[in-house]
Amino acid sequence: HAIGNAIVHMYVKCDSIEDARSVFDNMQNLDVVGFSTLIVAYIACGNSAEAIKLFQQSKARALAPDNIMVACILDACAAEADLAQGKHIHAYIVASRSELDIAVGNALVDMYGKCGSLDIALDIFQKMKKQDVVTWTSMLAAYAYQGCGEEVLHLFGVMQLKGHMPNDVTYMIILSACSHAGLITHGCLFFLCMSRIHNILLKEEHCNCLINMLVRSGCLDEAEEFINNLPMHPT
RNA sequence: CUUGGUAGCA
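To keep things clear, this report deals only with the structure shown in the data block.

Cut-offs used in this document
- Residues numbered from 1 in each chain as written.
- Chains lettered and ligands numbered in written order.
- Predicted model: local features only at pLDDT ≥ 70, side-chain atom pairs only at ≥ 80, totals over all residues.
- Heavy atoms only, no water.
- Axes fitted to C-alpha atoms, helices over the stretch in contact; angles between N-to-C directions.
- Helix = DSSP H or I, 4+ residues; strand = E, 2+ residues; numbered from the N terminus.
- Parallel < 35°, antiparallel > 145°, perpendicular 65-115°, else oblique.
- Left-handed = near helix turned anticlockwise from the far one by under 90°.
- Contact = heavy atoms within 4.5 Å.
- Nonpolar A, V, L, I, M, F, W, Y, C, P; charged D, E, K, R; others polar.
- Expected span 1.5 Å × (residues − 1).
- Buried < 20%, exposed > 50% of the residue type's maximum accessible area, 1.4 Å probe, protein only.
- Near = heavy atom within 4 Å.
- Polar contact = N/O pair within 3.5 Å; in protein donor to acceptor, adjacent residues only side chain to side chain.
- Phe/Tyr/Trp six-rings, centres within 6.5 Å; stacked < 30°, edge-to-face > 60°.
- 1 Å grid on protein atoms, 1.4 Å probe; cavity = no way out; pocket = protein on both sides within 12 Å on 5 of 7 lines; lining within 4 Å.
- Points joined across faces, edges and corners; volume = space filled by probe spheres on them.

### Let's talk about the packing of helix α11 (residues 168-181) against helix α12 (residues 184-196)
Here is step 1 of the chain: One can describe the packing of α11 onto α12 by two numbers: an axis separation of 9 Å at closest approach and a directional angle of 160°. In terms of orientation, α11 lies roughly antiparallel with respect to α12. Relative to α12, α11 is oriented so that their crossing is left-handed. Residues Y171, I174, L175 and C178 of α11 lie in contact with α12, whose contacting residues are H186, G187, F190, F191, C193 and M194.
Here is step 2 of the chain: Among the residues making up the contact of α11 with α12, the classes are represented as eight nonpolar, two polar and no charged.

### Describing helix α4 (residues 48-60)
Here is step 1 of the chain: With 13 residues, α4 extends 18 Å from end C-alpha to end C-alpha; this agrees with the ideal 18 Å at 1.5 Å per step.
Here is step 2 of the chain: Residues of α4 that are buried: S48, E50, A51, I52, L54, F55 and S58.
Here is step 3 of the chain: On the buried face of α4, the contacting elements are α2 (17-25), α3 (32-44), α5 (67-80) and α6 (83-96).
Here is step 4 of the chain: Positive phi shows up at A62, right after α4, with a value of about 65°.

### A short note on the protein's contact with RNA strand B
Here is step 1 of the chain: RNA strand B sits among 38 residues. The nearest are N5, V33, D101, N106 and H180.
Here is step 2 of the chain: Counting only atoms of RNA strand B within 4 Å of the protein, the fraction found in sugar and phosphate groups is 54%.
Here is step 3 of the chain: D75 is positioned such that a nitrogen or oxygen atom in its side chain is 3.0 Å from a phosphate oxygen of RNA strand B.
Here is step 4 of the chain: In this structure, a base nitrogen belonging to RNA strand B sits 2.6 Å away from a side-chain N or O atom of D101.
Here is step 5 of the chain: Elements represented by at least two residues in the surface near RNA strand B include exactly α1 (2-13), α3, α5, α7 (102-114), α9 (133-145), α11 and α13 (204-216).
Here is step 6 of the chain: Residues belonging to the surface near RNA strand B are distributed by class as follows: 17 nonpolar, twelve polar and nine charged.

### Section: the packing of aromatic side chains
Here is step 1 of the chain: Going through the model one piece at a time under the given rule, you end up with five aromatic pairs.
Here is step 2 of the chain: Here the aromatic rings of F156 and F190 are separated by 5.3 Å at their centres, their planes lie at 80°, and the arrangement is edge-to-face. Taken together, the positions of F156 in helix α10 (residues 149-161) and F190 in helix α12 put the pair 34 residues apart, joining distant regions of the chain.
Here is step 3 of the chain: Taken together through their ring pairs, the aromatic side chains of F156, Y171 and F190 make up a single cluster.

### Let's talk about the layout of surface pockets
Here is step 1 of the chain: Size it by volume and the largest pocket reaches roughly 380 Å³.
Here is step 2 of the chain: Considering the residues around the largest pocket, the lining is formed by 16 residues, among which E99, L100, K127, M128 and K129 are closest to the centre.
Here is step 3 of the chain: It is helix α8 (residues 118-127) that contributes the most residues to the lining of the largest pocket, four residues altogether.
Here is step 4 of the chain: For the lining of the largest pocket, the class distribution of residues is eight nonpolar, two polar and six charged.

The following block contains the structure:
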């Protein structure tokens, strides 16, 4: 297994998914690692439908999906907004696991969020034994995706009250939520908190979010001033 | 510490 899988992985890393696939197709004794390697590659190149097909093939071979594979395929369901398939995987997880792996839980929250099932995402989020920054960020993203700007900010407050530190990704969600909801004052405040309170390295994407927010809400002069005083060189 | 995994704006 290991050598064949490593070759598949090598082609994937070289962005040569066709070669990866032909090696994969010529392997006997495929295992979950080989399937997951290719599944991730298909998702990364935007072909989640093929990823889901591969998953079904692995099921047909009676390979029991492990947590890694389950998280991968939930990601594919999320990308395709395939709620039916996602629920199917969810049922499998519930039936086959005594404990929910945190990455799998996170992938479930993300999948339900992207499929528009905010209530189910929240239910899983609340029932998870442990939550990490990905869990919180996924839930925030779920609210943001539905346009619930106020809920995003509220949950962001709760997150910090519970002692969870946001990271650069969390702030991307927060800033874009402020932008979409027209919450300019909050957006500017959070932008400052990010580097000054949370010591997060400011990235170009964060600045783009802020500019986006200012422009959207008609603050063109402020946007221009900000652009002229960017903390980093635009690329 | 290298065969696979979950969150990111426009």
